[in-house]
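Take a look at the letters that make up each chain.
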Amino acid sequence: MKIAILPGDGIGPEIVAQAVKVLNALDERFELETAPVGGAGYEAAGHPLPEATLALAKAADAVLFGAVGDWKYDTLDRPLRPEQAILGLRKNLGLFANLRPAILYPELAGASTLKPEVVSGLDILIIRELTGDIYFGQPRGVRECPDGPFKGQREGFDTMRYAEGEIRRIAHVAFQAAQKRGKRLTSVDKANVLETFQFWKDIVTDVHKEYPDVALDHMYVDNAAMQLVRAPKKFDVIVTGNMFGDILSDAAAMLTGSIGMLPSASLDANNKGLYEPSHGSAPDIAGKGIANPLATILSAAMMLRYSLGRAEQADRIENAVKAVLAQGLRTPDIFEEGTTKVGTEQMGDAVVAALAK
Ligand code: IPM
Ligand code: MG
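Computed from a prediction, not measured in an experiment: that's the story for all the values here.

Asks: How should the pairing of strand β11 (residues 263–267) be read in this particular structure?
Replies: The two faces of a sheet get side chains in turn, since along a regular strand they alternate between them. Within β11, five of the five residues are buried, which leaves the element mostly enclosed by the surrounding structure. Residues of β11 alternate between two faces, with Pro-263, Ala-265 and Leu-267 on one and Ser-264 and Ser-266 on the opposite face, all of them buried. Taken together, the three bridges between strand β4 (residues 97–103) and β11 define a ladder with antiparallel strand orientation. Pairing of Ala-97 across the sheet is with Leu-267, part of β11. The sheet contact formed by β11 and strand β12 (residues 273–277) spans five bridges and is antiparallel. Following the sheet pairing, Ser-266 is matched in β12 by Leu-274. The loop that links β11 with its antiparallel partner β12 comprises five residues; one of these, Asn-271, has a positive phi angle of about 65 degrees.

Asks: Would you explain the UniProt feature "binding site: substrate" (unreviewed entry) in the protein chain in this entry?
Replies: The positions UniProt marks with the feature "binding site: substrate" (unreviewed entry) are Arg-90, Arg-100, Arg-128 and Asp-222. Spatial dispersion of the annotated residues is evident: they stretch over 133 residues in sequence, and the largest pairwise C-alpha distance comes to 26.4 Å. Those residues in contact with Arg-90, other than ones at most four positions away along the chain, are Leu-95, Arg-100, Arg-128, Leu-130, Thr-131 and Glu-276. Inspection of the secondary structure puts Arg-100 in strand β4. Residue Arg-100 is classed as buried on the basis of its relative accessible area, which comes to 8%. When near neighbours in sequence (up to four residues on either side) are disregarded, Arg-100 contacts Arg-90, Ile-124, Leu-125, Ile-126, Arg-128, Ser-249, Pro-263, Ser-264 and Ser-278.

Asks: Which parts of the structure should I look at to understand the UniProt feature "site: Important for catalysis" (unreviewed entry) in the protein chain?
Replies: Per the UniProt annotation, the sites labelled "site: Important for catalysis" (unreviewed entry) are Tyr-135 and Lys-190. Here Tyr-135 lies in the loop between β5 (123–129) and β6 (141–144). The partly exposed category is assigned to Tyr-135, whose relative accessible area is 24%. Those residues in contact with Tyr-135 that lie beyond four places of it in its chain are Leu-87, Arg-128, Arg-140, Asn-242, Met-243 and Asp-246. Engagement of the side chain of Tyr-135 in a polar contact is seen with the side chain of Arg-128, the distance being 3.3 Å. Take Lys-190: it is sitting in the loop between β8 (184–189) and α7 (195–208). Take Lys-190: its relative accessible area is 17%, and that puts it in the buried class.

Asks: Any chance you could explain the site of ligand 1 here in plain terms?
Replies: Around ligand 1, the neighbouring residues are Glu-83, Arg-90, Arg-100, Arg-128, Tyr-135 and Asp-246. Contact distances for ligand 1 include 2.5 Å between an oxygen atom and a side-chain N or O atom of Tyr-135. A distance of 2.9 Å separates an oxygen atom of ligand 1 from a polar atom in the side chain of Asp-246. About the coverage of ligand 1: the protein hides 73% of its 320 Å² of free accessible area.

Asks: So what exactly am I meant to see when it comes to the pattern of salt bridges here?
Replies: Close approach of charged atoms allows side chains with opposite charge to pair. In this structure the tally under the stated criterion is 18 salt bridges. With its nearest N and O atoms 3.4 Å apart, the salt bridge here joins Asp-27 to Arg-316. Note that Asp-27 is positioned in the loop between α1 (12–24) and β2 (31–34) and Arg-316 in helix α11 (residues 311–326), a separation of 289 residues in sequence. Judged by its relative accessible area of 65%, Asp-27 is exposed.

Asks: I'm lost on the packing of helix α8 (residues 221–230) against helix α9 (residues 242–255) in this one. Help?
Replies: Helix packing for two helices is described by the angle between their axes and how far apart those axes are. Contact geometry of α8 with α9 gives a least axis separation of 10 Å together with a crossing angle of 10 degrees. Considered as vectors, α8 and α9 are oriented roughly parallel to each other. When α8 is examined against α9, the residues Val-221, Ala-224, Ala-225, Leu-228 and Val-229 are found in contact with a partner set consisting of Phe-244, Leu-248, Ala-251, Ala-252 and Leu-255. For the contact of α8 with α9, the residue count by class is ten nonpolar, no polar and no charged.

Asks: Quick question: what am I supposed to make of the environment of Asp-349 here?
Replies: Mapped onto the secondary structure, Asp-349 falls in helix α12 (residues 344–356). Residues Asp-349 and Val-22 lie 327 residues apart in sequence; the distance between their C-alpha atoms is 8.3 Å. Once you skip the residues sitting within four places of it in the chain, Asp-349 turns out to touch Gln-18 and Lys-21.

Asks: How should the packing of helix α10 (residues 294–306) against α11 be read in this particular structure?
Replies: One can describe the packing of α10 onto α11 by two numbers: an axis separation of 7 Å at closest approach and a directional angle of 160 degrees. By the angle between their axes, α10 is roughly antiparallel relative to α11. The chirality of how α10 crosses α11 is left-handed. Across from Leu-294, Ile-297, Leu-298, Ala-301, Leu-304 and Arg-305 in α10, the residues of α11 making contact are Ala-311, Gln-313, Ala-314, Asp-315, Ile-317, Glu-318, Val-321 and Leu-325. Of the residues in the contact of α10 with α11, the class split is ten nonpolar, one polar and three charged.

Asks: Looking at this structure, I do not really get the sheet that holds strand β10 (residues 237–240). What am I missing?
Replies: Remark on secondary structure: sheet strands pair via backbone hydrogen bonds, oriented parallel or antiparallel. In spatial order, the strands read β2-β1-β3-β12-β11-β4-β5-β10-β8-β9; together these ten strands make up an open sheet with mixed pairing. Whereas interior strands pair on both sides, the edge strands pair on one side only; in this sheet they are β2 and β9 (215–220). Strand after strand, the sheet turns through a mean of 20 degrees between neighbouring axes, direction not considered. Where strand β1 (residues 2–8) and β2 come together, four bridges link them in parallel fashion. Its bridge partner being in β2, Ile-3 is matched across the sheet by Leu-32.

Quick notes on the rules
Residues numbered from 1 in each chain as written. Chains lettered and ligands numbered in written order. Predicted model: local features only at pLDDT ≥ 70, side-chain atom pairs only at ≥ 80, totals over all residues. Heavy atoms only, no water. Buried < 20%, exposed > 50% of the residue type's maximum accessible area, 1.4 Å probe, protein only. Helix = DSSP H or I, 4+ residues; strand = E, 2+ residues; numbered from the N terminus. Pairing = 2+ DSSP bridges. UniProt positions renumbered as here; feature names shortened; annotations may be inferred. Contact = heavy atoms within 4.5 Å. Polar contact = N/O pair within 3.5 Å; in protein donor to acceptor, adjacent residues only side chain to side chain. Near = heavy atom within 4 Å. Areas by Shrake-Rupley, 256 points an atom, 1.4 Å probe, with all protein chains shown as cover. Salt bridge = Lys/Arg side-chain N within 4 Å of Asp/Glu carboxyl O. Axes fitted to C-alpha atoms, helices over the stretch in contact; angles between N-to-C directions. Parallel < 35°, antiparallel > 145°, perpendicular 65-115°, else oblique. Nonpolar A, V, L, I, M, F, W, Y, C, P; charged D, E, K, R; others polar. Left-handed = near helix turned anticlockwise from the far one by under 90°.

Next up, the structure:
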């Protein structure tokens, strides 16, 4: 089993190092190969997704990704910015299904900005379509405005579009995920305004015929944003498009107290995947040794479960994470009075120690 390790920028290298430590502490040896990506790719090879890095990601059985981005690259031309690396990997590897679980660990109920009774027991799975929508739709750019009161001025434009097959395949992933959980699926759209999402809604409704055991409902994205902070426990599985999923998954992550706890999986049609923490590169705290490595460690567990067929090893890691939380160890982002504040390395070491038990 070969795993491509792409640490990236900011806190990426620190947190990925902890996940690698955990992988190396398992009974089975995996072949790990590291390559630069994002700003690091630009520094090393003049491109955020160097050819050799893409080739490694394609050849590997799975990809463990840290985070990309740093303010110092914000002035580069768009194709050279670090974010293009992750977009390029998603597109080139066909990673259309993004699974973002938002689980509240009981020990962290106090870390949420929402009242404990609103979030305790929270367990939502957001499934975000990842290779279509306005993120990738052509045409896009800046042009001369062709009509209306601003005719002749410059205008920026993007294209929102979804093909039927694109909607069908993500809907299947979502219905099947719901079957393995609470059997409830909420499809989030903006069918009241957008043609693309009326079409989305119609196709999801059609795919539902194949999954009569799953209860499907439809919700407009603005209402979904409101319900996520009002009564988040009403959701089981949410499926939505690329842009709405980007926004809603950040909101859902924060319900759990810290985005530093949440892993994610981006899968292709054969369950090959890229695994990354749901948070970003946090350049403001990079190098300080205080970043929370648990989202990345839990991403490695998801990788073992979904792409490498090693469910027992995934369980071991997830149980070890629960154990260190029960021991009261906390990185600063989840620290509360009465717990023990630890750094990135110490947290990684504690997970490795808990694995052994
Ligand atoms: C995410 C991120 C990315 C996205 C950025 C870094 C391109 O926000 O994975 O949610 O918008 O998809
Ligand atoms: Mg995002």
